[in-house]
Amino acid sequence: MKGNRKSINRKSREARYEIVAIQQALFKRNQKLIEASIARPPKYLAEYEAEVLRRTKSFREAISPKELIQRAQTVDIVYIGDYHTLRPAQKTFLHVAEGLVKAGRQAGKGQEPLTIFAMEMVETEKQATLDAYMKGKWSKAKENRFLSEVIGPDHWLVGNWENYKPILEFARQNNILVAGIEGKGGTKLHTRSDSLARRDKHMAETIVELLSKYPFHTIMVLVGELHIAPPHLPKMVRKLAGTRNLKKPKCLILYQNREEIYWKLVKQGKEDTIEVVHIKGDEYCSLNTPPHIVQQSYVNWLEAGETLVDSPDLGDKFREIAEIIAQFLGIDLKGALDQVEVYSAHDLSFFARLKQSKAFTKSELDIIREQVLSSESYTIPNMGMVYLAKLSLNHIAEEASHFIHYVCAKSSREPADLVNSFYARCLEEALGFFGSKVINPKRKCDHQRDFLQDIETFREKGIAAVDGEAYRLARFVIAHKDMEKGKSKKSDPWLKVLYSQDVDMFNRLTHALGYMLGDRLYYGLKRDRISKEEIRNLFHERFDEEEQPLLTYFALCRRLSSIRIPKRL
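Residues numbered from 1 in each chain as written. Predicted model: local features only at pLDDT ≥ 70, side-chain atom pairs only at ≥ 80, totals over all residues. Heavy atoms only, no water.

Considerations on the state of the cysteines
Two cysteines, two sulfur atoms, one covalent bond between them: this is a disulfide. This structure, assessed with the given rule, holds zero disulfides. This cysteine, Cys426, is not joined by any disulfide, and Cys557 carries the nearest cysteine sulfur, 8.3 Å off. (Disulfide = S-S within 2.5 Å.)

Take a look at the structure:
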């Protein structure tokens, strides 16, 4: 038994080394693409970059996201470094804001949050337009007016607006003042050679004005990471505050996803379990995305409308990712990728081909159409087609994993009965999410604690004030998880209608449950609870036999239920 345990440990370590090697190979490739696509940075920019690099080579200790929020509560200014093209960077800002607002209310400071958002994305001269957008309820007309007046064609926010919109919506819902702090022309892609220092000075003046006007508020500053090193924007703010006879502001500086720190955690085998580190003094770093994923977001943005979207490289990218996952699992695809055709939302011609093929019934075509309209990716293995609704590495890897499963199982049929069809879909989603974690180990999904928190939030605000479908999803997920643990009651009304939902809720629920299981498969592999061979065997399962999907799903859930999923910021 001991010898077998040593063998499992060895195989687990080998799997981990392979995943790290994949990350490093993708990182080096992306680095070459970036270096080839941009000119040598001017001296002033190189100096700013060198200062940030110098300060983020190592760290003192790991802390929890909760500790970070607690420390942020004690300062006047929270500087959060932004990586404009990376959605998790903006999510970090939002999560810290949520923590501060919640902590403030729990401390009995009233319902009005003592928080201000100071954002680089809006120039100060556009404040009136920003105020108009924030006032009252959201409307599409109001959003279009804001975008046309604030986000010009040369704004770095072009292509990234959807990453920032949730921040403004959170501020609107919680009556948080949002202030633009950028100087005139500072949001443009091409600015003067002295722009960083000039922009820091203008932003510092705006922040100090906010400090003076709102002395009891915490100012959360979201600005490009090069600005937040202590000798840059924070130093100018302290200096200007002194000239205004204001107290020296306490600050917390949060860098994000610094490469040197991430690779140090990799060497220690802790990249999966550590989300935040304390560098020194008032400097911290959050780590929610591996370096190669950060790079890919920038590569995508550099190529704008050509990246993966309708590009000749789309099929190549899909094949590359699929091959990496297959090799990791020890699966020989035997040329299955050679003929695969990959489509995006910019080319829906595949749908006409499906109709012309006469290989699908009207109901099957309706299902595919619903998937497309719901912005869901879709693999059609018998036609050698893959439709990618979203073009991030996460979704490409997920759909590549679905394709690998279809190739290995030699079947795309789901069970005829509703219950086993439900669990077949859950298992398919689990394999897809697992494969995406091979490419991006930091990819997150909601787990039971997150859905419980959602339900609590919905009850506090009233379902009418939030997404009613999200509330229903959370209730269904919790009801199912209680059933898995034998805690549910037969009279539970949510269980009675669990399997008979409309197509949209069916997809959302199987995604949620499947993603949770896929996450546990990944951490189970890394923690010696399941072997790579067993996961490879899952990719060869057809999931279309009577009772087999249901039994497989519950067996895996029971086996992996005690796996600890790292808490995320």
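Here the narrative resumes, following the displayed structure.
Quick notes on the sheet that holds strand S11 (residues 385-388)
In spatial order, the strands read S9-S11-S10; together these three strands make up an open sheet with mixed pairing. One side of each edge strand has no neighbouring strand; the edge strands of this open sheet are strand S9 (341-344) and strand S10 (378-380). Across the sheet, the mean angle from the axis of one strand to that of its neighbour is 15 degrees, orientation sign disregarded. Looking at chain direction, S9 and S11 are connected through four bridges and run parallel. Within S11, the residue paired with Val342 across the bridge is Val386. In this fold helix H12 (residues 313-329) packs onto S9 and S11, with an angle of close to 115 degrees to the strand it touches most, S9. Across the sheet, helix H15 (residues 393-409) lies against S10 and S11, angled at about 155 degrees from S11, the strand it touches most. (Pairing = 2+ DSSP bridges. Helix = DSSP H or I, 4+ residues; strand = E, 2+ residues; numbered from the N terminus. Axes fitted to C-alpha atoms, helices over the stretch in contact; angles between N-to-C directions. Contact = heavy atoms within 4.5 Å.)

Points about the confidence of the model for the chain
Looking at the chain, the pLDDT average stands at 86 and 89% of residues meet or exceed 70. Averaged over each element, pLDDT in the chain is lowest for helix H1 (residues 2-37) (72) and highest for strand S8 (residues 283-286) (98). Low pLDDT (under 50) marks residues 304-312, which in the prediction has 15 contacts with non-local residues, meaning those over four places away or in another chain. (pLDDT = per-residue confidence, 0-100.)

A look at the nonpolar core
The tendency in soluble globular proteins is for nonpolar side chains to be buried as a group. Judged by nonpolar contacts, the single largest core of 77 residues is most densely connected at Phe318, Phe328, Phe434 and Tyr553. Looking at this core element by element, the count peaks at eleven residues for helix H20 (residues 503-526). Leave out the neighbours within four places in its chain, and Phe328 touches Ala15, Glu18, Ile19, Ile22, Phe434, Val438, Leu525 and Lys532. By size, the runner-up hydrophobic cluster in this structure holds 40 residues, among which are Ile63, Val78, Phe93 and Met134. (Core = buried A, V, L, I, M, F, W, Y, C linked by side-chain atoms within 4.5 Å. Buried < 20%, exposed > 50% of the residue type's maximum accessible area, 1.4 Å probe, protein only.)

A few points about the pairing of strand S7 (residues 276-280)
Within S7, four of the five residues are buried, which leaves it mostly tucked inside the rest of the structure. Pairing geometry for strand S1 (residues 61-63) and S7, over three bridges, is antiparallel. Directly across from Glu61, in S7, lies its bridge partner His278. Pairing analysis gives four bridges linking S7 to S8, with the strands arranged antiparallel. Within S8, the position partnered with His278 by the bridge is Tyr284. Two successive antiparallel strands, S7 and S8, enclose a turn made up of two residues, where Gly281 displays a positive phi of approximately 55 degrees.

Notes on empty space enclosed by the protein
If you walk through the whole model with that rule in mind, you get two cavities of 30 Å³ or more. Estimated volume of the second largest cavity: approximately 30 Å³. Lining the second largest cavity, in full, are Leu427, Ala430, Leu431, Leu521, Leu538, Phe543 and Leu556. At three residues, helix H16 (residues 418-439) tops the list of elements feeding residues into the lining of the second largest cavity. (1 Å grid on protein atoms, 1.4 Å probe; cavity = no way out; pocket = protein on both sides within 12 Å on 5 of 7 lines; lining within 4 Å. Points joined across faces, edges and corners; volume = space filled by probe spheres on them.)

A few points about the pattern of salt bridges
Under the criterion given, the structure shown has 25 salt bridges. Across the salt bridge formed by Lys140 and Glu143, the nearest N and O atoms sit 3.7 Å from each other. One end of the pair is Lys140 and the other is Glu143, both in helix H6 (residues 140-150) and three residues apart, which spans about a single turn. Note on Lys140: relative accessible area 46%, which makes it partly exposed. Using a relative accessible area of 1% as the deciding quantity, one classes Glu143 as buried. Residues Arg559 and Glu534 are paired through a salt bridge, measuring 2.7 Å at the closest nitrogen-oxygen approach. One end of the pair, Arg559, is in helix H22 (residues 548-560); the other, Glu534, is in helix H21 (residues 532-539), and 25 residues separate them in sequence. For Glu534, a relative accessible area of 30% puts it in the partly exposed group. Via salt bridges that share partners, Glu51, Arg54, Arg55 and Glu283 belong to a single interconnected network. (Salt bridge = Lys/Arg side-chain N within 4 Å of Asp/Glu carboxyl O.)

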